[in-house]
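Residue-level structure breakdown
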Amino acid sequence: MEILKVEHVSKVYGEGPTAVKALDDISFSVNKGEFVAIIGPSGSGKSTLMKCIMGFSNIDNGEIWIFDSLNKNALKDVACSIEYPPLYPDLNGLDHFKLISQLNNINEQQMNNYIEFSGLKERLKKKTKYYSVGMKQMLILSLVIMQKPRLLILDEPFNGLDLQTKKRVIDELENLNKQGTTILWSSHEIN
Ligand code: ADP
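Let me sum up the structure you'll find in this document. All residue numbers refer to position in the chain's written sequence, counted from 1. Only residues with pLDDT of at least 70 get local features here, since the model is predicted, and only at 80 or more are side-chain atom pairs given and counted; chain-wide, interface and lining totals rely on the full set of residues. Processing note: side-chain calculations cover all non-hydrogen atoms of the structure and skip hydrogens and water entirely.

1. Some details on the nonpolar core
Each nonpolar core is a collection of buried residues, namely Ala, Val, Leu, Ile, Met, Phe, Trp, Tyr and Cys, held together in the definition by side-chain atoms within 4.5 Å. Three labels apply to residues, based on accessible area from a 1.4 Å probe with only protein chains included: buried if under 20% of the type maximum, exposed if over 50%, partly exposed otherwise in between. Formed by 31 residues in total, the largest nonpolar core has its most connected members in Phe97, Ile145, Met146, Leu152, Val169 and Leu173. If you list the elements that add at least two residues to this core, you get α2 (93–103), α3 (108–118), α4 (133–146), β6 (151–155), α5 (163–178) and β7 (182–187). Runs of H or I in DSSP of at least four residues are treated as helices and runs of E of at least two as strands, each being numbered from the N terminus. It is α4 that provides the largest number of residues to this core, a total of 9 residues. Whether two residues are in contact is decided by their heavy atoms, any of which lying within 4.5 Å being enough. The contacts of Val169, once residues within four sequence positions are left out, are Phe117, Met138, Leu141, Phe158 and Leu161. Among the nonpolar cores identified, the runner-up in size contains 23 residues, and Ile3, Leu4, Ile64 and Ile153 belong to it.

2. Section: the site of the ligand
Around the ligand, the neighbouring residues are Tyr13, Val20, Ala22, Pro41, Ser42, Gly43, Ser44, Gly45, Lys46, Ser47, Thr48 and Glu83. Any pair of N or O atoms that falls within 3.5 Å is considered a polar contact. Within protein, one atom must be able to donate a hydrogen and the other to accept it, and sequence-neighbouring residues count only if both atoms are side-chain atoms. Between the ligand and Thr48 there is a distance of 2.5 Å, counted from an oxygen atom to a side-chain nitrogen or oxygen. Computed on the free molecule, the ligand has an accessible area of 560 Å², of which 61% lies beneath the protein chains in the complex. Only β2 (20–31) and α1 (46–54) provide two or more residues apiece to the shell around the ligand. When residues of the shell around the ligand are assigned to their parent elements, the largest contribution, 3 residues, is made by α1. Each residue gets one of three labels, nonpolar for Ala, Val, Leu, Ile, Met, Phe, Trp, Tyr, Cys and Pro, charged for Asp, Glu, Lys and Arg, and polar for the others, Gly among them. By residue class, the composition of the shell around the ligand is 4 nonpolar, 6 polar and 2 charged. Nearness here has a simple test: a residue counts as near a molecule or strand if at least one of its heavy atoms is within 4 Å of that partner. Under the convention used here, a 1.4 Å probe and the Shrake-Rupley method define accessible areas, while residue burial counts only the protein chains that appear.

The structure is reproduced here in structure tokens:
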């Protein structure tokens with residue numbers, strides 16, 4: 001079953017001589033249960049493609065289908081982190097865990113498991129505006145994985161993470177994928 005279908009999608013930023021063609025006739029599909037990476041150098045359009053899939057950015061041509069639907073209501077079963085981790089700067093880490101848990105009916109035991117996974121247990125009372133890049137990345141990754149969405153979209157999820165943490169995140173993503181979440185992620189590193 002196709003979870004995501006991108007058909008002949010094009011996207012241009014701006015107009016006239018300074019226009020930038022970020023996406024040029026892109027087509028691909030992702031099937032249920034796949035764990036797909038989009039690899040390309042910086043500026044090749046990875047974030048733009050993800051923003052277009054999520055509806056954060058309009059496309060100029062083509063169609064994007066999620067769960068066999070052109071309707072953006074399908075996005076309620078999709079979790080994402082694109083470009084900069086989308087966090088509330090004046091809320092602390094624990095506020096984020098509680099908010100996402102309440103919105104998704106996640107019980108305290110499950111929430112605590114992901115607090116443990118985040119490695120941020122001692123720093124949960126700190127506002128996220130004082131977090132390092134790696135801390136922000138681990139918070140957002142924990143929050144999106146905790147939701148166990150049908151489709152997870154991650155833009156450069158390993159930015160700012162040390163080798164050991166990267167390995168822990170990969171294991172957790174593989175685990176989530178085995179439980180049925182389809183994953184689309186991007187990287188500028190082929191390794
Ligand atoms: P990647 O994620 O692969 O680094 P991006 O999708 O961020 O690539 O960028 C693709 C191209 O679109 C680049 O040339 C970038 O400069 C341009 N671009 C991205 N966002 C904007 C924007 N908001 N306005 C104008 N150009 C943009």
